[in-house]
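Remarks on the overall topology
As a plain string of letters, each chain reads:
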Amino acid sequence: PPPTPHVHYMASGNDDFAVLLDKESDVYKEVVYQLKMGLNGHPASDIHVWQVDNPQSNIAFDRRSQGMLTLDCWTDCGSLDANNQMDDVCRRGFLLPASGEGMSFMHGNIKLDDSVESFMDADTPESTSGKQQHFYIFSKVAIGRPYIIDSNTPRTKPEGYDSLYMSKKSLDRDDDGVISADEYEQAVGDGVEKYEHEYIVTDPSQALPQYVVRFAADLEPPEEEDLQDPLKIYDRHDFFDPQLYRPVSLRDKMIGSHSMGEAATHKLVSLQDAYDKCIKESKKVDPLITQKKHRIMEELNKIDNKMRDINLNFADVEEKLYNTLKENLATLKEEVNCKTKILLSTELEYRRQLEEIDNSEAWLDRQRDDMGQTGFLQAFKLHTGVRSKMCQQISAETSILDDLHANLAIEGGIRIISENGDPLLSETQRNGGGVFDPKNNNQGTTELRQQLFADASAGATTTTGNTKRNLVSSASADMLTKAHQVNNIENLSLKPPSSTPLSSVGGMTYAPPNFLATSDGKMMDNEAWTQSLQTSMGVGANGNMSNTSPAALSSPGIYTQNPPVSPSHQNLVPPSPVNVKASYQPARAMASVAAHYTQFSLSQLAERKQRQLTRVPSDQAIFRGSAIVGPADAKKLYYSIPFINTLPSTNLVYSTRMHDRNIKALEKTMLNVMSPSMVIVRSGEYVFGGYATDQWKFDGSRGGNPKGFIFSITLDCKIPYHGRQKDSQSGILGGSTGRKHDAMWSGPDFMSFGIKDLCLRGDFRMCSSELEHSYSIGMGMGSTEAKSFLAGSSIFVADEIEVWSVQC
């Protein structure tokens, strides 16, 4: 197999856990077809598939998944935590977190990690140089009966459900405790264009890894081979064998597969005739698919009726309950909300099945238009298998509508019950009873409630197919709008809590990071490092120039200083640079070093991304108004941002030209920035920075992911994150999610990309850089090149800094 450090061949006795498949095998072709359908037209090449063979996992999965709905899921190996390394997954399956929160699996279209260098390696075949390398695990996941949650809901599974479905949108956007008709509609789905569904399983035996797939994500479709050349006439497929269902060339008939034996007796037809027949067959309406869609539509119509009845039942019971005893209103809403989630879970599953059918048929249409004769013949054969598989899927949703009733009523001491005496569905989800809290259940005026009840009594508008509901009239909608406006005005007066530095992190005493070491390898403490740096630069303890003679000030061997800036312009003009010239490397010298790493060229990667996109971003989205980078360099940075389809926008958050020059001022501007950010720095003739995927928290915690990177505009280089080097705090400050990345971390007086790779401190006069710790392009660790690559020296002054939020 091709050399790669990411797949280990593990053996138990004489059996391999991961076996490379022959590219001519039917299993390989089926997996590749599933991959291409998941990539939805994104070109891919150099595809290798390893079959995972673990009898123990197979037996456990077969027992657990019996009678359950199973889906094919793709898992990006780059997103796995340290407990699920690829070889470990092949050997013993997935290991779920001990917290019981379960593990997420994605079904549908594959969202490629846009970090080009995520899996780049020195041993990567030359044919894939410059392409995006990806490793994915193809698994069968038994989701059974999924229950819907959102990001604000605890990952707890009700009794009778096998998995959780993560809603793409918030279910209760207005936080009133009930999923309204509008919120229901918003959560239904985005259609085939975004056929992506996330499921969470808490039982490891419900996920069975089947294949490990490595492929190169091409930026442009490959050119088809020209077989019209007379010299290639013998290899041109002009015939087709209906029995073997494969194309046949003249060479095959003369000296190849069909020159002797049983295959030589097969009656061949022309490739054109076989292709025309296949095209005709593919356009026919499949009766099984039609019947499947018809059954789903019938179930969706039942859901519409159930939803209407439940809403009307809710309105009637709520009116009686509200007039009798307010504290039971919370219990009622909770029960209705639970039923609504069940219906929504059921509807989403049926709609997912519809989307799966439409997605696969749309893919077939695309294959029919884009593929050649030989390719489409093979593709249609594989697609018939996909159709058969979809029609045989087991769904546990058909019985739910018969067991779900609009049966809420009032009994005796004002307690919410089901008319048939069944326990409330919400009781399995609730820790306490429906106790009324007047502070949290102020649900509006009587006038608003009466209008809502009148609307519900008037009935609901439903349509077959794409369900549309109108349970609230314009009159009550206006009242709701006014109520929301009042709430918004009240919220405007709230002030965010002040930010105070943490004295401890995770229960441990916090200590600022050390970025420099003494000659014997020991780390200097912060004070010793500062004093050493001040002495070498001639800077006093308070940041001012120390007492030195005029001759020393003019000495070219110590430092250089520009004329002082007048106090009135200190916030508009950056201070003069102070570089240690003893170790300073000019940009022209470092350019010769960068010439050895052209595979990480920032401009080339940006050009590829630009060719890949079908839309052009507006000028306002591309770092508009930057004082450090011009339009051309701004485009390089913009197209280096990890994104696939949605064009990101950038907004200036912090600039040393507009804000105070220190980390404290930067922290204040970043408090409300939850999105990724781009940090751009200029130090003398060097322009560089980094892309952070997570929020800067300034509490000593570490985070980020492999999509983060460091860049050098001056040397035209994008430096990816690899995270191979760790220090004593890597495992402690990595968080509780299991992903212990050191891509970014920040404290009360510093912000850093990686452990030592790029650090901004204090008032930005004593910043440092040493690559090859968390970010790497292959330079020697501790080398002069690694220390000088970004700013010319390991210690530098940041003349200008800009921080941009990146909204994707």
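The residue numbering used here restarts from 1 in each chain and proceeds along that chain's sequence as written. Restriction of local features to residues with pLDDT of at least 70 applies here, the model being predicted, together with a cutoff of 80 or more for giving and counting side-chain atom pairs; totals for whole chains, interfaces and linings are based on all residues. For side-chain calculations, the full set of non-hydrogen atoms in the structure is used, while hydrogens and water are omitted.

Glancing now at the overall build of the chain. Of regular secondary structure, the chain possesses 19 helices and 30 strands. Using a 1.4 Å probe on the protein chains alone, a residue whose accessible area is under 20% of its type maximum counts as buried, one over 50% counts as exposed, and one in between counts as partly exposed. Within the chain, buried positions represent 48% of all 808 residues. Within the chain, counting contacts between residues at least 6 apart in sequence, those at least 24 apart form 72% of the total. Areas reported here follow the Shrake-Rupley algorithm with a probe of radius 1.4 Å; residue values treat only the protein chains shown as occluding. Of the roughly 39200 Å² of accessible surface on the chain, 50% is carried by carbon and sulfur atoms. We count a stretch as a helix when DSSP gives it H or I for four or more residues in a row; a strand needs E for two or more, and each element gets its number in order from the N terminus. By definition in these notes, contact holds between two residues if any of their heavy atoms fall within 4.5 Å.

Strands pair in a sheet through their backbones, by hydrogen bonds, and they do so in one of two ways: parallel or antiparallel. Two strands pair under a simple rule: DSSP has to find at least two bridges between them. Ordered in space as 13-12-14, the three strands form an open sheet in which the pairing is antiparallel. The open sheet has two free edges, formed respectively by strand 13 (246-249) and strand 14 (269-270), since each of these has just one partner strand. As defined by bridge partners, strand 12 (residues 237-241) adjoins strand 13 across four bridges and the pair is classed as antiparallel. Looking across to strand 13, one finds that histidine 237 is bridged to serine 249.

Axes here refer to lines fitted to C-alpha atoms; in helices the fit is confined to the stretch in contact. Angles between the N-to-C directions go from 0 to 180 degrees. Where helix 6 (residues 271-283) meets helix 9 (residues 373-391), the axes come as close as 9 Å, and the angle between the chain directions of the two elements is 35°. Viewed along their axes, helix 6 and helix 9 form a crossing whose handedness is left-handed. Contact with helix 6, carried on its side by Leu271, Gln272, Ala274, Tyr275, Cys278, Ile279, Glu281 and Ser282, involves Gln373, Thr374, Phe376, Leu377, Phe380 and Arg387 of helix 9 and no other residues of that element. Residues are grouped as follows: nonpolar covers Ala, Val, Leu, Ile, Met, Phe, Trp, Tyr, Cys and Pro; charged covers Asp, Glu, Lys and Arg; every other residue, Gly included, is treated as polar. Classifying every residue of the contact of helix 6 with helix 9 by side-chain character gives eight nonpolar, four polar and two charged. If you view the pair so one helix is near and one far, a crossing is left-handed when the near helix is turned anticlockwise from the far one by less than a right angle, and right-handed when it is turned clockwise.

In this section: a nonpolar patch on the surface. Each patch is built from salt-bridge-free residues with over 30% relative accessible area, joining like charges within 9 Å and nonpolar side chains (Val, Leu, Ile, Met, Phe, Trp, Tyr) within 5 Å. We count a salt bridge whenever a side-chain nitrogen from Lys or Arg sits within 4 Å of a carboxyl oxygen from Asp or Glu. A cluster of nonpolar side chains, contributed by Ile233, Tyr234, Met254 and Ile255, occupies part of the molecular surface with about 400 Å² of accessible area. With respect to the helices and strands, the residue isoleucine 233 is situated in the loop between strand 11 (207-217) and strand 12.

What follows concerns the nonpolar core. Side chains of nonpolar character tend, in soluble globular proteins, to be buried together. Among the nonpolar cores identified, the biggest contains 61 residues, and Phe94, Phe105, Tyr184, Val212, Leu332 and Leu343 are the most heavily contacted of them. Here this core takes 10 residues from helix 8 (residues 329-370), the largest share from any one element. Sequence-distant contacts of phenylalanine 94, that is, excluding residues within four places in its chain, are made with Thr75, Leu80, Asn84, Val89, Met103, Phe105, Ile137, Ser139, Pro204, Ala207 and Pro209. With 45 residues, the next largest nonpolar core counts Phe600, Val653, Val681 and Ala798 among its residues. We call a set of buried Ala, Val, Leu, Ile, Met, Phe, Trp, Tyr and Cys residues a nonpolar core when their side-chain atoms join them within 4.5 Å.

The description of an aromatic ring pair uses the distance of the two centres, along with the angle that the planes make with each other. Pairs were defined over the aromatic rings of Phe, Tyr and Trp, the Trp ring being its six-membered one, requiring ring centres within 6.5 Å. Orientation was assigned from the angle between planes: stacked under 30 degrees, edge-to-face over 60, tilted for the rest. Considering all chains together, one arrives at 19 aromatic pairs under this definition. Pairing tyrosine 165 with tyrosine 199 gives two aromatic rings, centres 5.2 Å apart and planes at 65°, and the pair type is edge-to-face. Of this pair, tyrosine 165 sits in strand 9 (residues 163-166) while tyrosine 199 sits in strand 10 (residues 196-201), and the two are 34 residues apart along the sequence. For the pair shown, tyrosine 165 and tyrosine 199 are each scored as buried. Taken together, the aromatic side chains of Trp74, Phe138 and Tyr211 make up a single cluster linked through ring pairs.

To continue, consider the sheet that holds strand 21 (residues 686-692). With respect to topology, six strands assemble into an open sheet ordered 19-30-20-21-23-24, the strand pairing being antiparallel. With one partner strand each, in any of the chains shown, strand 19 (649-655) and strand 24 (717-720) form the two edges of the open sheet. The average angle at which neighbouring strand axes cross in this sheet is 20°, direction not considered. Direction of pairing for strand 21 relative to strand 23 (residues 709-712): antiparallel, over a ladder of four bridges. Bridge assignment links tyrosine 691 to a residue of strand 23, and that residue is phenylalanine 709.

Here the focus is the pattern of salt bridges. All chains considered together, the criterion is met by 25 salt bridges. Residue aspartate 235 pairs with arginine 251 through a salt bridge whose shortest N-O separation is 2.7 Å. In this pair, aspartate 235 sits in the loop between strand 11 and strand 12 while arginine 251 sits in helix 5 (residues 250-254), placing the two residues 16 residues apart along the sequence. Judged by its relative accessible area of 37%, aspartate 235 falls in the partly exposed class. The salt bridge involving aspartate 742 is made with arginine 702; its shortest N-O contact spans 3.0 Å. You can see aspartate 742 sitting in the loop between strand 24 and strand 25 (744-747) and its partner arginine 702 sitting in strand 22 (residues 702-703), a full 40 residues away along the chain. Sharing partners across several salt bridges, the network here consists of Arg657, Arg682, Asp799 and Glu800.

Our focus in this paragraph is helix 6. The terminal C-alpha atoms of helix 6, which comprises 13 residues, lie 18 Å apart, in line with the 18 Å expected from a rise of 1.5 Å per residue. Within the span of helix 6, buried status applies to Leu271, Ala274, Tyr275, Cys278, Ile279 and Ser282. Looking down the long axis of helix 6, one finds its buried residues gathered within 135° of arc, a one-sided arrangement. Opposite its buried face, helix 6 presents the exposed residues Lys277, Lys280 and Lys283, each directed more than 90 degrees away. Contacts made by the buried residues of helix 6 are with strand 12, strand 13, strand 14, helix 8 and helix 9. Here, expected helix span is obtained from the residue count minus one, scaled by 1.5 Å. Directions pointing from the helix axis toward each C-beta atom define the arc.

Moving on: unusual backbone geometry. Trans is the common state for peptide bonds, and a negative phi is the common state for residues other than glycine. The phi torsion at aspartate 46 lies on the positive side, around 50°, for a residue other than glycine. Relative to the helices and strands, aspartate 46 is located in strand 4 (residues 44-52). With a phi angle near 50°, aspartate 716 is a residue other than glycine that sits in the positive phi range. Within the secondary structure layout, aspartate 716 lies in the loop between strand 23 and strand 24. You can call aspartate 716 partly exposed: its relative accessible area is 22%.

Where helix 17 (residues 631-640) is concerned, the buried positions are Ala634, Leu637, Tyr638, Tyr639 and Ser640. Turning to helix 17, the residues buried within the fold contact helix 16 (602-612), strand 20 (677-683), strand 23 and strand 24.

A few words on the packing of helix 1 (residues 26-39) against helix 9. Between helix 1 and helix 9, the least distance of the axes is 10 Å, while the angle of their chain directions is 85°. Between helix 1 and helix 9, the interaxial angle falls into the category roughly perpendicular. Across the interface between the two elements, Lys29, Glu30, Tyr33, Gln34 and Met37 from helix 1 touch Gln378, Ala379, Leu382, His383 and Val386 from helix 9. Split by residue class, the contact of helix 1 with helix 9 holds five nonpolar, three polar and two charged. These descriptions rest on fixed angle ranges, namely under 35 degrees for roughly parallel, over 145 for roughly antiparallel, 65 to 115 for roughly perpendicular, and the rest for oblique.

This paragraph deals with the environment of methionine 744. Looking at the element boundaries, methionine 744 is found in strand 25. Under the relative-accessibility criterion, methionine 744 is labelled buried at 4%. Aside from chain neighbours lying at most four places away, what touches methionine 744 is Ala692, Thr693, Asp694, Gln695, Trp696, Ser701, Arg702, Gly703, Gly704, Ser752 and Gly754.

In regions of low pLDDT, the predicted coordinates are not meant to be interpreted in detail. Chain-level statistics for the chain give a pLDDT mean of 75 and a share of 71% at 70 or above. On a range of 0 to 100, pLDDT expresses the predictor's confidence in each residue. Per-residue pLDDT stays below 50 along residues 431-449; that stretch engages in 22 contacts with residues further than four places along the chain or on separate chains. Low confidence marks residues 532-582, where pLDDT is under 50. Its contacts with residues over four positions away, or in another chain, come to 68 contacts.

What follows is about the side chain of serine 345. Inspection of the secondary structure assignment puts serine 345 in helix 8. A polar atom in the side chain of serine 345 sits 2.9 Å from the backbone nitrogen of isoleucine 148. Throughout this description, a polar contact denotes any pair of N or O atoms lying within 3.5 Å of each other; where both atoms belong to protein, one of them has to be capable of donating a hydrogen while the other can accept it, and for residues adjacent in sequence the pair is counted only when both atoms sit in side chains.

All right, on to the side chain of serine 167 then. One can find serine 167 in the loop between strand 9 and helix 4 (181-187). Residue classification places serine 167 among the buried positions, given a relative accessible area of 8%. Contacts of serine 167, omitting those with residues within four sequence positions, involve Ile148, Ile149, Asp150 and Ala187.

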